[in-house]
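As a plain string of letters, each chain reads:
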Amino acid sequence: MRIAVLGGGNGSFAAAGDMALASHDVRLWRRDAAAVAAHNAAGGAITVKDFRGRHEAKPTLITTDIGEAVRDAELILCPAPATAQPDIARALAPHLKDGQVVFLPPGTFGSYIFAKAARDAGNPADATFAETGTLPWLTRKHGPFEIAITIRAKRLPTGVLPLGRKDHALGVIGRAFPGVIEDCGDALSGALMNAGPIIHPPLITMNAAPLEHFERWDIHKEGTQPAVRRVTDALDAERIAVREALGYGAPHFPLADHYAREGEEWMYGRGSHDKLTDSGDWREHIVLTQHRYMLEDVRIGLSFLVSCGELAGVPTPLARAHLAIGGAVCGEDFLRTGRTLASLGLGGVDRTALQAMLREGLQ
């Protein structure tokens, strides 16, 4: 299967390495020309480290030419942070072809951004866009061409835009992630599965002092205490209430299942939290004003949740509180600078029209 991977961060390297190890034809695109040149000069391999050891993966192509990367690709995989999505969507838009599937793990409604970019570019291709609730890997780079994978996802609830091409999209994505992809309906349902805006905002705001005091701090180990977990569960209850008010049914993949030792398996399966903290890879230096936990999960993720709550008529006081705290830390109004239905151009769209767009795609 020919797969294009877009981006140069942790998720993109995990994707390129894992897909190449699975014998797919992988083309890796990233914007950093110097990094691409250095990678090609070093031989173009990616070292993948996991519980089985070290493996050398070799993408077919590593390039700064996005058109070359996505040419004839069945699946275009973009695990880049939501902050990068608008620029990548514009770069990709002219190159999409009929039948291609763009998969954003996770998306924060990036599916709509990519679909709109293609429409705005005048590209009439029947491409399909999909997103899920988390990265398919718990992963960190250990070097410029080396990626450590602690956990691979076991369940990825995935929503599709337009919903009418769902079977095609889930079939294509399922070939890259066999036995993992689960149908959760349309792209907005997929967006409201995103776990990052639930787990990370309480962890960084309630651990702000140790994060700024210590050179390295593990928000998932010492930073995950009962008081933090109670806040996380309450914030997740707001997300689930918004989903239910918008007509989306269970399973909602409550984050509490990530920590539980029995009951329903969460996206990463049983015991993943312990494996994450045992790895030591998340004992890291986090600059609150610069890290993606703040700029992606608080600013973008929670502003989107709040705006969906407004559409659904559901109060989201904890989401608003973390937006206010994060905005104060960074000196900006996150509800204004984040990602809302209004900022996406959907502020005047009622629920009936929105559901029609999710079902039929952008016209």
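The text that follows walks through the structure, step by step, so that each part is easy to find. (Residues numbered from 1 in each chain as written. Predicted model: local features only at pLDDT ≥ 70, side-chain atom pairs only at ≥ 80, totals over all residues. Heavy atoms only, no water.)

### Comments concerning the overall build of the protein
Next up, step 1: If you tally the helices and strands in the protein, you get 16 helices and 14 strands.
Next up, step 2: Its C-alpha atoms give the protein a radius of gyration of 19 Å, within 12% of the compact-globule value 21 Å for 363 residues.
Next up, step 3: On the principal axes, the C-alpha backbone points of the protein span a range of 50 × 45 × 40 Å.
Next up, step 4: Expressed as a percentage of the 363 residues in the protein, the buried residues total 58%.
Next up, step 5: Pairs at least 24 apart in sequence give 74% of the contacts found in the protein among residues at least 6 apart.
Next up, step 6: When the accessible area of the protein is evaluated, it comes to approximately 14100 Å², of which 52% is carbon and sulfur surface.
Next up, step 7: Averaging the locations of the 38 positively and 42 negatively charged side chains of the protein gives two centres separated by 2 Å. (Helix = DSSP H or I, 4+ residues; strand = E, 2+ residues; numbered from the N terminus. Rg over C-alpha atoms; globule rule 2.2 N^0.38 Å. Buried < 20%, exposed > 50% of the residue type's maximum accessible area, 1.4 Å probe, protein only. Contact = heavy atoms within 4.5 Å. Areas by Shrake-Rupley, 256 points an atom, 1.4 Å probe, with all protein chains shown as cover. Lys, Arg positive; Asp, Glu negative; His and termini not counted. Charge placed at Lys NZ, Arg CZ, Asp CG, Glu CD.)

### Some words on the nonpolar core
Next up, step 1: Of all hydrophobic cores here, the largest spans 116 residues; its most connected members are Phe109, Phe177 and Leu188.
Next up, step 2: Sort the elements by how many residues they give to this core and helix H13 (residues 292–312) lands first, with ten residues.
Next up, step 3: If we ignore the near neighbours within four places in the chain, the residues touching Leu188 are Phe109, Leu246, Tyr248, Phe304, Cys308, Leu354 and Leu358. (Core = buried A, V, L, I, M, F, W, Y, C linked by side-chain atoms within 4.5 Å.)

### Things to note about the sheet that holds strand E8 (residues 128–132)
The strands making up a sheet are joined through hydrogen bonds of the backbone, oriented either antiparallel or parallel.
Next up, step 1: Here we have eight strands laid out as an open sheet, ordered E5-E2-E1-E6-E7-E8-E11-E12, and mixed in their pairing. In this open sheet, the two strands that pair with only one neighbour each are strand E5 (61–63) and strand E12 (181–186). Direction aside, the axes of adjacent strands within the sheet are offset by 25 degrees on average.
Next up, step 2: Across four bridges, the pairing between strand E7 (residues 101–104) and E8 is parallel. The residue of E8 that forms the bridge with Val101 is Thr128. (Pairing = 2+ DSSP bridges. Axes fitted to C-alpha atoms, helices over the stretch in contact; angles between N-to-C directions.)

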